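Descriptive structure summary
Take a look at the letters that make up each chain.
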Amino acid sequence: MVKRGVCMNNFELKTISGITFMTKKREEVNSMYWLTGISGLLLMVAPYVFQYSDNQAALWTSVITGLVVVVASASEGLEKQKENWEYWVAALMGVFAIVSPFLFGFNSHATALWTTVTMGVVITFLAGSRLWLGGTPKA
């Protein structure tokens, strides 16, 4: 019978008698870029899901803002050297999503307004919490 054990720095796969089959060094797993990326993707598809794609300002704001968040999140996930610029971009895009209905005049369209503002708050919260709790970039 095989038993899995997780140590502080290693993942070990052992038998009940204690024979180690596999040891893997644990690397820092950061799922925050997945969450911001998924939020950006949701913002991109929101005009079609919530049927406000007829409003051009709301459509393009959602699609472009979501795309920038997805690209920034994918960049964070693919880079070996972790930095915080991706989260700054995502946080700024979240703030932009919050104020964009008022800047571009689609605040009278309730569905577009609340969807964009809500997703902006979520993206800003996720990216901002990573910046707040993440500390300095790791080399």
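These notes cover the structure that comes with them.

Quick notes on the rules
In this numbering scheme, every chain counts its residues from 1 along its sequence in written order. Only residues with pLDDT of 70 or above have their local features reported here, since the model is predicted, and side-chain atom pairs are shown and tallied only from 80 upward, although totals for entire chains, interfaces and linings are computed over all residues. Processing note: side-chain calculations cover all non-hydrogen atoms of the structure and skip hydrogens and water entirely. Strands are runs of DSSP state E lasting at least 2 residues, helices are runs of H or I lasting at least 4, and numbering of each runs from the N terminus. When a residue's accessible area, from a 1.4 Å probe over protein chains only, is under 20% of the maximum for its type it is buried; when over 50% it is exposed; and in between it is partly exposed. Two N or O atoms count as a polar contact when they lie within 3.5 Å, although within protein this holds only if one can serve as hydrogen donor and the other as acceptor, and sequence-adjacent residues are included solely when both atoms are side-chain atoms. Two aromatic rings from Phe, Tyr or Trp, using only the six-membered ring of Trp, form a pair when their centres are within 6.5 Å; if the ring planes differ by under 30 degrees the pair is stacked, by over 60 it is edge-to-face, and anything between is tilted. To estimate how far a helix should extend, the number of its residues minus one is multiplied by 1.5 Å. Axes are fitted to the seven residues ending at a residue and to the seven starting at it; the angle between these axes is taken as the bend at that residue. Throughout this description, the term nonpolar core refers to a set of buried Ala, Val, Leu, Ile, Met, Phe, Trp, Tyr and Cys residues connected via side-chain atoms within 4.5 Å. Contacts are assigned to residue pairs with any non-hydrogen atoms lying within 4.5 Å of each other.

Take the side chain of Ser-129 next. When you line up the elements, Ser-129 lands in helix H4 (residues 110-134). On the basis of relative accessibility, which here comes to 16%, the residue Ser-129 falls in the buried class. For Ser-129, the side chain forms a polar contact with the main-chain oxygen of Leu-126, separated by 2.9 Å.

Counted under the stated rule, the structure contains two aromatic pairs. With a centroid separation of 5.9 Å and 70° between ring planes, the pair formed by Phe-96 and Phe-104 is classed as edge-to-face. Look at Phe-96 and you get partly exposed, because its relative accessible area is 27%. The exposure class of Phe-104 is partly exposed, given its relative accessible area of 44%.

Helix length check: helix H3 (residues 85-104), at 20 residues, gives a terminal C-alpha distance of 26 Å against a target of 28 Å (1.5 Å per residue), a fit within 8%. At Ile-98, H3 is bent by approximately 40°, the largest bend along its length, and proline Pro-101 sits one to four residues beyond. For H3, the complete set of buried residues consists of Glu-86, Tyr-87, Ala-90, Ala-91, Gly-94, Ala-97, Ser-100 and Pro-101.

With that out of the way, let us pick up the nonpolar core. Counting residues in each nonpolar core, the largest one holds 13 residues, and the members touching the most others are Leu-43, Tyr-87, Ala-90, Ile-123 and Ala-127. Within the residue set of this core, elements represented by two or more residues are helix H1 (32-49), H3 and H4. If one sorts the elements of this core by residue count, H4 sits on top with five residues. Residues Ala-46, Tyr-52, Ala-58 and Ala-112 belong to the second largest nonpolar core, which totals five residues.

Residue placement: Leu-41 occurs in helix H1. A residue is classified by how much of its surface remains accessible, and Leu-41, at 47% relative accessible area, is partly exposed. Sequence separation of Leu-41 and Val-69 is 28 residues, and the distance between their C-alpha atoms is 8.0 Å.

Following the sequence through the fold, Ser-39 ends up in helix H1. The contact partners of Ser-39, leaving out residues within four places of it in the chain, are Met-119, Val-122, Ile-123 and Leu-126.

Right, let's talk about H1 for a bit. The terminal C-alpha atoms of H1, which comprises 18 residues, lie 24 Å apart, in line with the 26 Å expected from a rise of 1.5 Å per residue. Every buried residue of H1 is accounted for by Met-32, Tyr-33, Thr-36, Gly-37, Ser-39, Gly-40, Leu-43, Met-44, Ala-46 and Pro-47. Positive phi appears at Gln-51, one or two residues downstream of H1, with a value of about 55°.

By themselves, these figures tell us nothing about what the structure is for.
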